[in-house]
Amino acid sequence: MNRPILIGPFKQLLPMSGLPLKGALSDGQLPIINDAGVLLLDGKILEVNTYKKLKSDEVDLERIEGEQVCLPGFIDSHTHICFGGSRARDYALRNSGKTYLEIAKAGGGIWDTVTQTRKASKEMLVKGILTRCEKHLANGITTLEVKSGYGLSLEEELKMLRAIKEADEQATQDLVSTCLAAHMVPKDWDGSPTEYLEEIGEKLFPILKSEKLTNRVDAFIEESAFSPKNIKPYFEKAKQHGFDITVHADQFTTGGSQVAVDFNAISADHLETSTKKEVALLAKSDTIATALPGASLGLGCDFTPARKLLDAGAALAIASDHNPGSGPMGDLLAQAAILGTFEKLSNAEVLAGITFRAAAALNLQDRGVLKKGMRADFVAFATDNYQEITYHQGQLKPSGVWKNGIKTY
Ligand code: NIG
Ligand code: FE
């Protein structure tokens, strides 16, 4: 029989437990355990408490040296880290004044990455995902969502989703995959957007189920991609198959968040152009609003109105949107901290957005907080005060990262 392991002492431990899923949070609401330990068995937490209370002859000890702050492992609930090639050219064009949509129309943008991803073998895609996962691990990310969406044909979407599945088997983190075949109408599709979506719904959805490739379906609702009208029958079909729905919504124009709420989507992501109306809609719903500050930094545009969403009562997750086009940076903690300065978010709101609220955006109930029964996924920073973490805007890197109770970094 395995013996429980006690890891600690941590100067401060923020379990992020007992906090509401929705609405504003103040730092005063954050539970903090001083001189704490994490007691775990077989990768699951038995208890978090003071180190003194947990220490006994029945447990093995894993000592923490120096003053460190412990938090739940970070969860990045929106990425596109399965891709081939680079879009440095797009980045330079945008910074010389061309818009994202102009570049897309001229053959750059998402389609450029589709072309480069189609050229890559599945093995090359797996390798790329794993390399990016290593970087995310060093930044404290213990769970990541990864989307397809640069294949845009049956075979190529399958290649991507199989690559994500293989990467999940090899990566330190858990990867949650999402089918984003509705990222844009492929330029080589000889038919209407509706016909493309029908083909995906009829032919791809059953394979996704039979090969257990994903249980999530996403769509980019935007003038340059799919209209709410196009997407409705597609999402109806996805729901019939039992997929969870998530939406790229309100990035350049509004309309997506209404669809998200109508379909009771798990999350509506982006929301940079959401107005009072969309904010109110999301706040009333069970859909998690996900801000993607990395896309705002990559494109040089407004941030998601995170403060307004929280004050209206929405649940706010924060994700990196790590992708080769709009979000090449891929540093969740830096981006979340920066969103905090622009949107005036408390530490509690920033940290909730990348822990338990991000877990909710992926419909995961076993992580995002440190308490009995949860996965022992946690991260430590070499400091005596948790406020230092956002203060350094991503430059204070984790001193340790544990996945299922094992120190992996
Ligand atoms: O979330 N907005 C649509 N999709 C991605 C960008 C994809 C790309 O530019 O390659 C996003 O920002
Ligand atoms: Fe995205």
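Residues numbered from 1 in each chain as written. Chains lettered and ligands numbered in written order. Predicted model: local features only at pLDDT ≥ 70, side-chain atom pairs only at ≥ 80, totals over all residues. Heavy atoms only, no water.

Peer 1: Can you explain the side chain of K147? Please cite residues and give values.
Peer 2: When you line up the elements, K147 lands in strand 7 (residues 141-147). Polar contacts involving the side chain of K147 include one to the side chain of E145, which spans 2.7 Å. (Helix = DSSP H or I, 4+ residues; strand = E, 2+ residues; numbered from the N terminus. Polar contact = N/O pair within 3.5 Å; in protein donor to acceptor, adjacent residues only side chain to side chain.)

Peer 1: Outline the layout of surface pockets, listing residues and values.
Peer 2: The calculated volume of the largest pocket comes to roughly 280 Å³. Considering the residues around the largest pocket, the lining is formed by 15 residues, among which L101, A104, M184, S224 and A225 are closest to the centre. Where the lining of the largest pocket is concerned, the elements lending two or more residues are helix 3 (100-105) and helix 4 (109-119). With four residues, helix 3 is the largest single contributor of residues to the lining of the largest pocket. Of the residues contributing to the lining of the largest pocket, the split by class is nine nonpolar, three polar and three charged. (1 Å grid on protein atoms, 1.4 Å probe; cavity = no way out; pocket = protein on both sides within 12 Å on 5 of 7 lines; lining within 4 Å. Points joined across faces, edges and corners; volume = space filled by probe spheres on them. Nonpolar A, V, L, I, M, F, W, Y, C, P; charged D, E, K, R; others polar.)

Peer 1: Residues and numbers for unusual backbone geometry, please.
Peer 2: Here the bond from G8 into P9 is cis, since omega is 0°, no more than 30 degrees from zero. Within the fold, P9 resides in strand 1 (residues 5-13).

Peer 1: Summarise the site of ligand 1; cite the residues concerned and give the values.
Peer 2: Residues in close proximity to ligand 1 total 15 residues, the closest being Y100, Y150, H183, Q251 and S326. Taking H80, its side chain carries an N or O atom lying 3.3 Å from an oxygen atom of ligand 1. In this structure, H183 approaches ligand 1 through a side-chain N or O atom, which is 2.8 Å from a nitrogen atom. Here ligand 1 loses 100% of its free accessible area of 320 Å² to cover by the protein chains. Comparing atom positions with the cavity grids shows ligand 1 to sit within the largest cavity. Here the residues of the shell around ligand 1 are counted per class, giving four nonpolar, nine polar and two charged. (Near = heavy atom within 4 Å. Areas by Shrake-Rupley, 256 points an atom, 1.4 Å probe, with all protein chains shown as cover. Sits in = over half its atoms within 2 Å of the grid points.)

Peer 1: Any chance you could break down the coordination of the iron ion (ligand 2) for me, citing the residues and the numbers?
Peer 2: Looking at the iron ion (ligand 2), one finds its protein donor set to be H78 (NE2), H80 (NE2), H248 (NE2) and D321 (OD), positioned 2.0 to 2.3 Å from the metal centre. Counting gaps between the donor residues of the iron ion (ligand 2) yields the pattern H-x1-H-x167-H-x72-D. Accessibility assignment for this pair places H78 and H80 in one class, buried. (Donors = N, O, S within 2.8 Å, 3.2 Å for Na, K, Ca; no water. Buried < 20%, exposed > 50% of the residue type's maximum accessible area, 1.4 Å probe, protein only.)

Peer 1: Any details on the pattern of salt bridges? Residues and values, ideally.
Peer 2: Two side chains carrying opposite charge are able to pair once their charged atoms lie near each other. The final tally for this structure, using the stated rule, is 20 salt bridges. The salt bridge involving D174 is made with R375; its shortest N-O contact spans 3.9 Å. In this pair, D174 is assigned in strand 8 (residues 174-182) and R375 in the loop between helix 15 (356-361) and strand 14 (378-381), connecting sequence segments 201 residues apart. Residue R375 is classed as partly exposed on the basis of its relative accessible area, which comes to 21%. (Salt bridge = Lys/Arg side-chain N within 4 Å of Asp/Glu carboxyl O.)

Peer 1: Lay out the domain arrangement of the protein chain with the relevant residues and their values.
Peer 2: Here the protein chain is described as being made up of domain 1 (5-72 + 369-407) and domain 2 (75-361). Relative placement of domain 1 and domain 2: their C-alpha centres are 29 Å apart. Contact with domain 2 buries area across many residues of domain 1, yet L21, K22 and K403 alone supply 23% of it, more than any other trio. Our count for the contact surface shared by domain 1 and domain 2 stands at 17 residue pairs in polar contact (both at pLDDT 80 or more). Contributions of two or more residues to the side of domain 1 that touches domain 2 are made by strand 5 (69-72), strand 14, helix 16 (387-391) and strand 15 (400-403). Split by residue class, the side of domain 1 that touches domain 2 holds 19 nonpolar, six polar and six charged. (Domains from an automatic or database assignment. Buried area = accessible area lost by both parts, 1.4 Å probe.)

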